[in-house]
Every structure is written in structure tokens, then in C-alpha cells.
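# Fold and contact review
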Amino acid sequence: MTFEIENTSDIIKPNLLSNHPLGMYISRINHNFKVRSPEKYSFSVDVSSGNVMLPYVKSYELTNQTDREFAANFPWHDREFKFDLITVPAQTKEFIADGVIRSYKFTFSLPLSTHHELNFGLRAFSLDKGKYPFSVFTSDESIEWFHSTIAGGEDPFSRRYYGFNQAKISYRDENNNFITMNNGDFRIPGIEINYFYYPLLEMNKKHKIYLNFGTHFGINISRYNPVADLGISSSIIKKIVVKDKNILSIGLSAGALQQRLIQFGDRVNISNQTFLYSFEGLIDYKRKLRNNNWISYGINYAFQTSYNNKKDFNHIILTGERINTHWQQTFSHLYKNLEGWNFICTYSVKQFSYFVSLREDLRLDNAPDLQTAFGVKMSFKR
């Protein structure tokens with residue numbers, strides 16, 4: 001009985017990547033916590049909504065070494081007043097993002113054998129103003145109501161100042177290349193191919209500890225970032241059988257993605273890092289119901305290294321409207337590691353699994369602030 005349950009109660013983890021206004025154009029690893037290749041073909045659809053509020057900020061990356069060393073002596077919020085920004089040698093960037101970014105992830109899983117799996121994914125995004133009833137939790141009004149009445153304080157991110165229900169993304173890099181997105185725009189930035197290997201080891205039966213290894217190939221097909229990326233990942237999962245019918249799973253996963261392995265044309269400088277490193281931890285409790293269906297609850301911690309080199313922030317000057325203490329996050333968060341918590345609930349019945357999730361960013365960088373998701377996975381016999 002224990003063996004049967006353990007082999008038919010694998011984790012169904014949805015796409016938990018953040019709906020970042022620049023990250024949508026980059027391949028990123030969505031870590032895998034399964035212990036073996038599924039017995040059936042499957043197709044899944046994930047739809048998520050994330051509220052982004054990043055007011056206009058302009059950055060000056062100093063190019064003169066003497067200026068850089070001088071700037072490093074001051075905190076970022078004082079540097080603006082130490083230089084004449086009209087004449088100082090610098091590379092400039094501009095960034096503004098506001099609205100609800102919705103992601104649509106389509107994944108087809110092809111089990112090759114018990115130990116080998118191949119899956120194909122397509123990611124799409126849209127931008128809108130986030131009005132009711134399509135954004136119950138991620139609308140500007142809902143988030144500011146939460147801040148004003150429960151936690152965070154009155155309007156900590158200036159949504160009321162800049163206006164509710166705006167939709168615009170504009171990013172200009174140092175070479176004067178632009179990314180723009182307006183209300184109602186729909187994009188298909190990329191496709192991916194993932195291969196997973198699930199080795200058969202002695203510790204599987206003896207200790208209920210499993211490993212998997214993944215190779216990730218992403219092709220970014222947008223005109224903003226026409227590149228191919230290659231990554232690897234590895235996960236370790238410990239399963240604990242509870243009351244002979246329920247499964248507690250604890251997993252850790254790490255990965256590395258090399259960006260721009262192949263470049264097909266001119267691109268916008270979204271990220272100056274050659275590698276993006278990521279880590280996830282997951283605790284999942286799956287309970288068998290009386291009708292032989294399953295329900296599971298999971299908590300996921302996600303970590304990713306910064307889009308830009310952290311050291312570069314030592315000689316960056318930021319300018320913008322100083323409406324609140326968070327205004328600089330528009331650019332400063334691109335030089336910080338990304339961290340977030342995800343809460344997941346999945347209900348499985350026969351060949352269908354339905355899931356919902358909620359993501360809260362730990363850095364308070366508002367990119368996005370709150371993110372919700374739902375989806376369905378359909379499995380088919382071979």
C-alpha cells in the first residue's frame with residue numbers, strides 16, 4: 001500500500017516564476033520536484049496575474065573610473081547631489097512599469113520511460129489595467145485597501161499619487177534600445193525544451209530519497225531579446241508516508257542558466273549577467289480523500305540572482321520623483337537577488353488536476369507586488 005501511494009502521488013507544481021516586466025523576455029528555470037517520469041502524457045495551462053508598480057526612474061552609470069570611486073563613497077540616495085548630471089560621463093537608462101502583467105504558460109509533458117521525461121513549453125504575456133472583475137486580488141484598489149487597513153501603511157508605493165489602473169511599460173537601455181508595452185498588448189516571448197532524468201538509486205526504497213537532473217534549453221523569440229539560453233538543474237526530494245495514505249514531500253532544487261549562448265540579432269540589454277543562478281525549496285503535503293481523489297498544500301521558497309551585476313550599483317546614480325522611500329526600486333531591484341514565497345493548493349481527480357497559487361515578494365520591490373495564479377493539468381493514457 002505504501003509503495004503504491006508513494007508512486008502515484010507525485011507533486012504537481014505549477015509555473016511559479018514571477019511576472020517581471022523584463023524577466024518575461026528571459027528564459028528562467030521553473031524547478032522540478034517530481035521523483036520519476038509520469039506514466040501518462042500531460043498538458044497543462046497556467047494563468048497568473050501580477051501587479052507591478054514601478055514609477056519613472058532614470059539611472060546614470062558612471063564611466064569614468066575616478067568618478068566611480070568617488071561615487072562609491074556615498075549612499076545611493078546622496079549621489080545625485082554630488083555630480084553635475086548634465087556633463088558627467090555616464091551611460092543612461094530609463095524605466096517605468098505599471099499595470100497587471102498576466103502570464104500564460106502552456107506545457108506538454110512527454111514521458112520517454114520510467115526514468116526519462118521530455119517537456120515542451122510556450123510562454124505568453126499580456127498587460128492590462130487590472131480592473132474588476134478580472135483582478136480581484138491584484139488590482140490597485142485591492143492592494144492599497146490591504147495596505148491602508150491591514151498592513152503596510154497608507155499608499156506606501158504611491159499608487160494613489162500616480163493614479164489607479166494604469167498600464168504602461170517602457171524601458172530604454174544605455175544603447176537607446178527600447179522595450180514598450182501598452183494596455184491590451186499580448187506577447188509570446190519564448191519557447192523552451194526541458195529534459196529530466198530520474199535515476200533509480202538504492203536510497204529510493206531504503207530512505208525514500210530521490211534525485212532528478214534537468215537540462216533546460218530556452219529560445220527567446222521576441223525582437224527585444226533574440227537569444228537562446230542553456231541551463232541545468234538538480235533536485236533532491238524526501239518523501240514521508242503519513243498514516244499509510246498521505247505523503248509529506250520536502251524538496252530542494254538548484255540551477256544555473258547561461259544567458260545568450262546563441263544570439264540571433266540585436267537585443268535590448270535586459271540583463272548584463274552571463275549566468276542566472278536559482279534555488280527553490282518546497283514542502284508539500286498530499287492527502288488522499290475518501291473518494292480516492294487527492295488534495296495537496298504546498299509552500300515554496302524561490303530565489304534568483306540579480307538581473308544585473310551587484311557591484312555596478314556602487315557607481316549608479318538614480319534620479320526620479322522622490323514621492324516615497326521606495327521610488328528607487330524601479331532600478332535598484334535589478335541589482336538585488338530576487339526572493340519570494342509561493343503558497344500552492346492542488347486538487348486531483350482522475351486525469352485532471354486543478355491548482356491555485358499566491359506569490360508574495362520578499363524584497364518589496366513591487367515587481368510584482370502580489371501575484372495569483374490558477375491552472376489545470378490534463379493527463380492522457382499512452
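Notes on the structure follow.

How each quantity is defined
- Residues numbered from 1 in each chain as written.
- Predicted model: local features only at pLDDT ≥ 70, side-chain atom pairs only at ≥ 80, totals over all residues.
- Heavy atoms only, no water.
- Phe/Tyr/Trp six-rings, centres within 6.5 Å; stacked < 30°, edge-to-face > 60°.
- Helix = DSSP H or I, 4+ residues; strand = E, 2+ residues; numbered from the N terminus.
- Lys NZ or Arg CZ within 6 Å of the ring centre and 35° of its normal.
- Patch = residues over 30% accessible without salt bridge, like charges linked within 9 Å, V, L, I, M, F, W, Y side chains within 5 Å.
- Areas by Shrake-Rupley, 256 points an atom, 1.4 Å probe, with all protein chains shown as cover.
- Salt bridge = Lys/Arg side-chain N within 4 Å of Asp/Glu carboxyl O.
- Lys, Arg positive; Asp, Glu negative; His and termini not counted.
- Charge placed at Lys NZ, Arg CZ, Asp CG, Glu CD.
- Buried < 20%, exposed > 50% of the residue type's maximum accessible area, 1.4 Å probe, protein only.

## Thoughts on the packing of aromatic side chains
- As enumerated under the stated definition, the model contains 13 aromatic pairs in all.
- Judged by centre distance (5.5 Å) and plane angle (65 degrees), the ring pair of W76 and W327 falls under edge-to-face. With a gap of 251 residues between them, W76 in helix α3 (residues 76–79) and W327 in the loop between β12 (316–320) and α7 (329–332) connect regions that are remote in the sequence.
- Site record: aromatic cluster; members linked through ring pairs are F70, F74 and F83.
- In this structure, R79 is placed above the aromatic ring of F313, and the distance from its NZ or CZ to the ring centre is 5.9 Å.

## Side note on unusual backbone geometry
- Geometrically, the link from A367 to P368 is a cis peptide bond, its omega value of -5 degrees lying close to zero.
- Residue placement: P368 occurs in the loop between β14 (352–361) and β15 (370–380).
- If you check the backbone angles, N176 has positive phi at about 65 degrees while not being a glycine.
- Along the chain, N176 turns up in the loop between β4 (168–172) and β5 (178–182).
- Positive phi values are uncommon outside glycine, yet K208 reaches one of about 55 degrees.
- Topologically, K208 is positioned in the loop between α6 (202–207) and β7 (209–220).

## Overview of a positive patch on the surface
- Together, K243, K245, R287 and R290 make up a positively charged patch on the protein surface.
- As for its position among the elements, K243 is in the loop between β8 (227–242) and β9 (246–263).
- Under the relative-accessibility criterion, K243 is labelled exposed at 72%.

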